[in-house]
Number of protein chains: 4
Amino acid sequence: MKQTDIGRMRISCPDQPGIVAKVSRFLYEEGANIIHSDQHTEIEKKRFFMRVEFQLPSLAQRLDQVRSKFEPLATEQQMDWQIALAAHRQRLAIFVSREDHCLRELLWRWQIGELDADIRMVVSNHPIWQETVEQLGIPYYHLPVNKENRDQVTEQHLQLLAENQIETVVLARYMQILPPAFVQAYQQQIINIHHSFLPAFIGANPYHQAYDRGVKLIGATAHYVTEELDQGPIIEQDVYRVNHRHDAEELKRLGRDLERIVLARAVQWHLSDQVIVEGNKTIVFPG
Amino acid sequence: MKQTDIGRMRISCPDQPGIVAKVSRFLYEEGANIIHSDQHTEIEKKRFFMRVEFQLPSLAQRLDQVRSKFEPLATEQQMDWQIALAAHRQRLAIFVSREDHCLRELLWRWQIGELDADIRMVVSNHPIWQETVEQLGIPYYHLPVNKENRDQVTEQHLQLLAENQIETVVLARYMQILPPAFVQAYQQQIINIHHSFLPAFIGANPYHQAYDRGVKLIGATAHYVTEELDQGPIIEQDVYRVNHRHDAEELKRLGRDLERIVLARAVQWHLSDQVIVEGNKTIVFPG
Amino acid sequence: MKQTDIGRMRISCPDQPGIVAKVSRFLYEEGANIIHSDQHTEIEKKRFFMRVEFQLPSLAQRLDQVRSKFEPLATEQQMDWQIALAAHRQRLAIFVSREDHCLRELLWRWQIGELDADIRMVVSNHPIWQETVEQLGIPYYHLPVNKENRDQVTEQHLQLLAENQIETVVLARYMQILPPAFVQAYQQQIINIHHSFLPAFIGANPYHQAYDRGVKLIGATAHYVTEELDQGPIIEQDVYRVNHRHDAEELKRLGRDLERIVLARAVQWHLSDQVIVEGNKTIVFPG
Amino acid sequence: MKQTDIGRMRISCPDQPGIVAKVSRFLYEEGANIIHSDQHTEIEKKRFFMRVEFQLPSLAQRLDQVRSKFEPLATEQQMDWQIALAAHRQRLAIFVSREDHCLRELLWRWQIGELDADIRMVVSNHPIWQETVEQLGIPYYHLPVNKENRDQVTEQHLQLLAENQIETVVLARYMQILPPAFVQAYQQQIINIHHSFLPAFIGANPYHQAYDRGVKLIGATAHYVTEELDQGPIIEQDVYRVNHRHDAEELKRLGRDLERIVLARAVQWHLSDQVIVEGNKTIVFPG
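Residues numbered from 1 in each chain as written. Chains lettered and ligands numbered in written order. Predicted model: local features only at pLDDT ≥ 70, side-chain atom pairs only at ≥ 80, totals over all residues. Heavy atoms only, no water.

1. So, the relation of the copies chain A and chain C
Between the two chain copies there is a screw-like relation: a rotation about an axis and a shift along it. Rules: Copy-to-copy alignment: least squares on C-alpha atoms, limited to residues at pLDDT 70 or above in both. Should any heavy atoms of two residues lie within 4.5 Å, those residues are considered in contact.
At an RMSD of 0.0 Å, chain A and chain C line up after a rotation of 180° and a shift of 0.0 Å along the axis. As the rotation angle and translation indicate, the two copies are arranged about a two-fold axis. Judged by C-alpha distance, alanine 200 of chain A is the residue of chain A that lies nearest the rotation axis, at 2.3 Å. A share of 100% of interface residues in chain A that are also interface residues in chain C marks the association as one of identical surfaces.

This is the structure we're talking about:
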């Protein structure tokens with residue numbers, strides 16, 4: 001199958017009988033074949049969610065037309081909806097600070113073609129990864145942040161993102177808090193990796209917190225960034241077993257392996273349009 | 001929602017454009033509201049699979065009628081299909097030998113209402129669990145098996161199952177091999193728990209095999225029984241970490257916890273019509 | 001090996017060179033053979049921990065004598081220490097409220113000989129498990145608790161425990177908070193199962209909290225009870241993957257399987273003298 | 001603590017009373033302080049295993065002397081034994097074929113100081129990773145293998161290893177079978193990553209085998225190489241949950257994450273002298 005013939009539709013709307021029928025008839029009449037169709041209903045909230053992956057010859061050329069024709073049904077059903085081309089490579093910005101394990105993980109997956117996106121830039125408050133990044137042909141922006149220049153740097157960030165039409169920002173262990181203006185401009189478009197099993201150990205030094213609490217499993221959490229620190233919708237989490245032999249430094253070391261994998265999964269699901277955010281939660285459909 | 005208004009449809013058929021549209025329109029026109037709809041396409045084999053959970057007022061009374069009306073579409077699309085009532089409690093037989101951990105697990109879940117089935121009998125080649133079973137009001141059949149009487153006992157088994165209209169047989173650590181006649185009579189209706197991570201350690205004494213091989217994880221596998229020993233379609237598997245401190249006896253002990261949970265999950269998914277068998281594999285839809 | 005010949009020594013003391021040498025020489029000179037020896041040093045805190053499992057002919061008869069002879073070394077090294085007979089079956093009390101899954105798990109393991117203890121009583125604020133418990137020959141004390149009688153019930157509890165020389169109390173989903181007097185009387189002797197991955201979701205209704213937060217893994221935590229709610233030293237934790245399909249009720253149902261296993265492991269490790277508490281953490285040695 | 005003051009002793013010998021006492025007294029009298037001491041007894045085989053991590057001032061200078069002084073005790077107890085300096089960086093060779101995920105994982109850990117070894121060379125039957133490797137300052141040997149030149153290449157391999165005094169060979173997805181001469185020369189020194197949960201799916205294309213069998217978890221196994229393919233002592237294994245949505249290609253993709261982590265753990269445990277091989281199994285002591 002040609003990637004340019006494959007589309008992904010995401011729908012969120014009030015639950016009513018007949019939605020699946022209407023959506024699937026629409027696709028059938030457009031000449032589409034459904035590859036995957038996943039649906040979920042929040043019964044208490046009477047809310048309906050759907051993701052359809054479909055094949056439609058020449059979709060790349062016909063995308064705008066298909067969207068227009070879907071509009072009336074979408075309006076009738078009060079849908080939040082997207083139809084995206086599977087072949088579309090999102091424009092990505094990666095933010096990083098001193099620790100490079102998440103950055104390198106994403107770069108490596110990108111190099112072998114597993115991360116299907118267009119990494120337009122790496123932004124850091126440190127100069128240290130410049131060579132690593134630039135030798136892959138990716139621009140590196142070193143923008144140090146301190147109390148005085150915070151607002152100004154945020155402006156620079158937002159300008160860079162705008163100029164490059166960035167669609168998704170990945171905080172790959174970027175240890176600066178993004179100001180509300182930034183977060184609001186990219187809602188459900190900023191993915192952060194937090195180095196704990198949220199909501200345990202919010203804030204700074206989660207591995208030290210975990211060590212002090214004596215937990216028997218450490219965790220990592222990838223989530224969309226909202227204005228409240230470490231409170232956004234969780235996309236993915238995982239854990240690893242530890243014991244009394246592991247001090248805080250070793251938790252940190254073992255945690256790196258979790259962080260890399262958890263972030264990479266979350267980014268991949270996001271890029272494949274598998275995630276729908278509802279309130280402060282995510283629905284993650286199978287790929 | 002009333003359980004008697006809820007139906008579950010399972011479909012397996014050649015993949016063609018429009019199936020989801022046709023099925024969902026059918027349900028919509030019958031007055032059904034789709035609660036869950038999951039679909040899967042085996043692209044290489046051009047095979048389509050679907051499970052729909054729907055609400056339809058008075059379905060219990062209208063079930064035969066709905067099935068009849070679906071028949072033409074099913075025939076047109078060459079479907080293997082079932083429509084079951086969620087409220088239908090399957091008639092279950094549990095077979096057990098000397099080890100009772102899986103039996104007790106199922107009985108306990110049945111007592112607290114988690115195992116939504118009608119346990120009609122427990123069959124064993126040993127007398128030991130008679131009191132445990134009978135005090136719950138479940139008939140216990142003690143049918144010892146040896147080389148001489150094997151055929152005769154199989155006949156007794158099949159007669160018991162037939163008389164009680166048993167729909168699903170669970171081998172809860174039943175250590176006798178079922179003869180082909182039995183297996184053929186209940187295809188995709190017999191669930192076995194094997195105490196290893198199949199296909200590793202087929203056959204007898206898997207924990208001793210695992211100990212001898214020095215594996216770092218032990219496993220358990222629930223699968224449908226076919227004529228080839230331990231080769232049937234896998235429904236569920238799980239593992240637990242072990243180390244050099246654990247001898248074969250301890251692997252056995254730790255494995256019991258895996259076996260119980262893995263079997264219970266598989267039985268529950270089977271009873272909720274979440275499983276479709278395709279060739280020697282299963283598709284397990286979310287519940 | 002005869003269980004009555006097997007001893008388990010636990011030591012916690014300031015770290016100094018020569019401790020292992022001194023302890024192992026002591027055992028050797030007593031005629032003991034070391035089966036397992038595990039040691040741990042908290043380097044920053046300069047604290048030494050050791051667990052030794054040893055075989056010593058007629059240890060059951062000689063236990064007091066061995067303890068006396070060890071006393072001088074223990075004093076010299078400022079040790080917290082115990083020497084216990086592996087054959088000693090601890091006297092256990094289980095507390096339970098409305099949910100019986102943890103109770104049944106412990107009872108079943110006790111019946112098959114896996115839980116090596118003497119269950120002297122089950123205490124509940126509800127009458128519902130009386131028959132289940134008494135038919136196993138275990139006394140059942142139904143002591144309802146309310147605001148008015150709380151102090152009086154605590155006294156009854158403590159009296160029952162004292163009369164029966166209870167060594168370990170297991171809170172198997174006992175949903176009443178134990179008052180400080182109770183907790184202080186049984187420090188490091190009360191094990192609770194909390195139905196979340198602590199420190200996430202402290203307090204009431206953790207599954208609802210987990211559902212509301214949209215976590216992708218649910219957890220359970222077994223810990224020693226201290227005066228601060230859900231803050232005691234963690235013995236064991238485990239998690240299970242969930243998704244958007246699972247509502248709070250299903251998290252509760254899936255969580256039961258975690259709770260049972262996590263509590264059972266913790267109780268078993270405790271009964272096998274594998275646990276040393278240090279500050280608010282545990283060292284859990286292999287068995 | 002200075003790394004040059006830290007030693008690691010590994011012992012394997014017939015079980016007898018007093019060994020721990022004798023070994024720990026020896027260390028005490030040498031002026032050593034024990035940091036970690038782990039011991040294991042195979043009761044049936046009457047075999048004793050021990051790993052001790054100790055601090056001894058100026059150990060680097062005194063290492064030969066300490067070894068000499070230990071010799072009589074070792075001989076008396078018929079020990080297989082090693083005393084290694086923690087500061088010793090083993091000389092490593094990495095072999096790789098077409099897939100680079102394991103190679104890159106090791107290189108990255110080496111770059112950030114987590115893999116505490118001296119990577120002396122990367123050997124491949126393909127030229128493709130030359131630049132990646134050489135820009136890190138590591139020599140790359142491209143030695144293509146075919147039916148005709150196999151013996152000759154093996155000779156070249158062995159010569160390269162000898163010249164560089166290689167201590168450990170890591171097969172990071174090297175898809176050629178090593179001949180007996182190679183394996184015999186480096187017993188318990190060659191670590192391979194196999195892309196299945198051994199002993200399931202031995203040999204070629206394990207992900208296709210796993211897909212065909214319909215397993216619900218995929219695995220990876222790191223093991224020492226012996227003359228029998230995929231039969232050597234297992235060091236580490238792990239698994240990841242999959243479902244019917246994942247085709248063989250996706251199993252392969254998901255498996256890469258397992259392989260990297262499992263191999264990295266095994267190599268690290270090996271380099272930290274945590275592993276003792278006994279028969280066809282490993283004892284992996286905590287670090």
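2. Let's talk about the relation of the copies chain B and chain D
With an axial shift of 0.0 Å and an RMSD of 0.0 Å, the rotation relating chain B to chain D amounts to 180°. Mapped onto chain D, 100% of the interface residues of chain B again fall at the interface, so both copies present the same surface.

3. Description of the interface of chain B and chain D
Let me state the cut-off plainly: Summed over both partners, the accessible surface that disappears when two parts come together, traced with a 1.4 Å probe, is what is meant by buried area. Salt bridge, as used here: a side-chain nitrogen of Lys or Arg that lies within 4 Å of a carboxyl oxygen of Asp or Glu. For this analysis, a polar contact is any N or O atom pair within 3.5 Å, provided that within protein one partner can donate a hydrogen and the other can accept it, and provided that sequence-adjacent residues contribute only side-chain to side-chain pairs. Starting at the N terminus, helices and strands are each numbered in turn, a helix being any DSSP run of H or I of at least four residues and a strand any DSSP run of E of at least two. Any residue that is not Ala, Val, Leu, Ile, Met, Phe, Trp, Tyr, Cys, Pro, Asp, Glu, Lys or Arg is counted as polar, Gly included; the first ten are nonpolar and the last four charged.
Contact residues are listed per partner, giving 34 residues for chain B and 34 residues for chain D. When chain B packs against chain D, the two sides together hide about 2900 Å² of surface, and 50% of this comes from carbon and sulfur. Interface area lost by chain B to chain D is led by Arg213, Lys216 and His244 of chain B, which between them contribute 25%. There are four salt bridges connecting chain B and chain D. One salt bridge in this structure joins aspartate 238 of chain D and arginine 241 of chain B, with 3.6 Å as the shortest N-O distance. At the boundary of chain B with chain D, the tally comes to 22 residue pairs in polar contact (both at pLDDT 80 or more). Broken down by secondary-structure element, the contributors of at least two residues to the side of chain B that touches chain D are strand E2 (33–42), helix H7 (206–213), strand E11 (234–241) and strand E13 (281–284) of chain B. Here the side of chain B that touches chain D is composed, by residue class, of 14 nonpolar, nine polar and 11 charged.

4. Digging into the UniProt feature "active site" (unreviewed entry) in chain A
Convention followed: UniProt positions are given in the numbering used here, feature names are shortened, and annotations may be inferred rather than shown by experiment. Three labels apply to residues, based on accessible area from a 1.4 Å probe with only protein chains included: buried if under 20% of the type maximum, exposed if over 50%, partly exposed otherwise in between.
UniProt's feature table lists "active site" (unreviewed entry) at Asp230 of chain A, given in the numbering used throughout. In this structure, aspartate 230 of chain A sits in the loop between strand E10 (217–224) and strand E11 (234–241). Among the residues examined, aspartate 230 of chain A registers a relative accessible area of 5% and is labelled buried. Residues within four places of aspartate 230 of chain A in sequence aside, it is in contact with Asn192, His194, Leu198, Ile202, Gly203 and His223 of chain A together with Arg213 of chain C. Within the structure, the side chain of aspartate 230 of chain A is placed 3.4 Å from the side chain of histidine 194 of chain A, a separation counted as a polar contact.

5. Digging into the domain arrangement of chain A
Residues and elements named next belong to chain A. Where we set the bar: These domain boundaries are the output of an automatic or database domain assignment.
Assigned domains within chain A: domain 1 (3–85) and domain 2 (90–284). Computed over C-alpha atoms, the centres of domain 1 and domain 2 are 30 Å apart. Taken together, the contact pairs 10 residues of domain 1 with eight residues of domain 2. It is Arg8, Arg10 and Phe49 in domain 1 that bury the most area against domain 2; as a group they hold 52% of the surface buried on that side. In this assembly, domain 1 and domain 2 are joined by three salt bridges. A salt bridge links arginine 10 to aspartate 273, with the nearest nitrogen and oxygen atoms 3.4 Å apart. In this structure, the connection of domain 1 to domain 2 is made through five residue pairs in polar contact (both at pLDDT 80 or more).

6. Observations regarding the pattern of salt bridges
In total, this model carries 112 salt bridges over all chains according to the counting rule given. In this structure, lysine 22 of chain B engages glutamate 76 of chain B in a salt bridge whose closest nitrogen and oxygen atoms are separated by 3.3 Å. Here lysine 22 of chain B, found in helix H1 (residues 19–30), pairs with glutamate 76 of chain B, found in helix H2 (residues 59–76); they are 54 residues apart in sequence, far enough to count as distant. Since its relative accessible area comes to 48%, glutamate 76 of chain B is described here as partly exposed. The residue glutamate 30 of chain D makes a salt bridge to arginine 62 of chain D at a minimum N-O spacing of 2.9 Å. Here arginine 62 of chain D lies in helix H2 (residues 59–76) and glutamate 30 of chain D lies in the loop between helix H1 (19–29) and strand E2 (33–42), a separation of 32 residues in the sequence. On the basis of relative accessible area, glutamate 30 of chain D is assigned to the buried category, the value being 10%. Residue classification places arginine 62 of chain D among the partly exposed residues on the basis of a relative accessible area of 21%.

7. So, the sheet that holds strand E10 (residues 217–224) of chain C
All names here are of chain C. Worth spelling out the cut-off: Two strands qualify as a pair provided that DSSP identifies no fewer than 2 bridges between them. Here an angle of 0 to 180 degrees is reported between the N-to-C directions of two axes, which are lines fitted to C-alpha atoms, with helices fitted over the stretch in contact.
Strand order in the open sheet formed by seven strands is E7-E6-E5-E8-E9-E10-E11, and the pairing between neighbours is mixed. With partners counted over all chains shown, the strands left at the sheet margins are strand E7 (140–142) and strand E11 (234–241), one partner each. Averaged over all adjacent pairs, the angle separating strand axes in this sheet is 20°, with direction ignored. Here three bridges tie strand E8 (residues 168–171) to strand E9 (residues 190–194), and the two strands are oriented parallel to one another. Paired with valine 169 across the two strands is isoleucine 190, which belongs to E9.

8. Quick notes on a nonpolar patch on the surface
Note the following rule: Like charges are joined within 9 Å and nonpolar side chains (Val, Leu, Ile, Met, Phe, Trp, Tyr) within 5 Å, but only among residues with over 30% relative accessible area and no salt bridge; these make up the patches. Every accessible area reported is derived by Shrake-Rupley at a probe size of 1.4 Å, with residue values counting cover from the shown protein chains alone.
Taken together, the side chains of Ile177, Ile202 and Leu229 of chain A define a hydrophobic patch exposed on the protein surface, amounting to about 270 Å² of accessible area. If you trace the backbone, leucine 229 of chain A turns up in the loop between E10 and E11.

9. What to know about the nonpolar core
Put simply, the test is: By convention a nonpolar core is built from buried Ala, Val, Leu, Ile, Met, Phe, Trp, Tyr and Cys residues, the set being connected through side-chain atoms within 4.5 Å.
Of all hydrophobic cores here, the largest spans 90 residues; its most connected members are Leu263 of chain B together with Leu263 of chain D. Leave out the neighbours within four places in its chain, and leucine 263 of chain D touches Cys102, Leu106, Val170, Leu171, Ala172, Ile191, Ile193 and Ala222 of chain D. Core analysis: the second largest hydrophobic core is formed by 89 residues, Val215 and Ala222 of chain A together with Leu251 and Trp269 of chain C among them.

10. Structural notes on the state of the cysteines
Threshold: Cysteine sulfur atoms are paired as a disulfide whenever they come within 2.5 Å of each other.
One pass over the full model with this rule turns up zero disulfides over all chains. Free cysteine: cysteine 102 of chain D, not disulfide-bonded; nearest cysteine sulfur from cysteine 102 of chain A at 19 Å. Look at cysteine 102 of chain D and you get buried, because its relative accessible area is 1%.

11. Focus: the packing of helix H3 (residues 101–111) of chain A against helix H3 (residues 101–111) of chain D
Definition in use: In this scheme, roughly parallel covers angles under 35 degrees and roughly antiparallel covers those over 145, while 65 to 115 is roughly perpendicular and the rest are oblique. Crossings are sorted by hand: turned counterclockwise from the far helix by less than a right angle, the near helix makes the crossing left-handed, and turned clockwise it makes it right-handed.
Between H3 of chain A and H3 of chain D, the least distance of the axes is 12 Å, while the angle of their chain directions is 155°. The angle between H3 of chain A and H3 of chain D falls in the class roughly antiparallel. Crossing of H3 of chain A over H3 of chain D shows right-handed handedness. Contacts between H3 of chain A and H3 of chain D involve His101, Arg104, Trp108 and Gln111 of chain A from the first element and His101, Arg104, Trp108 and Gln111 of chain D from the second.

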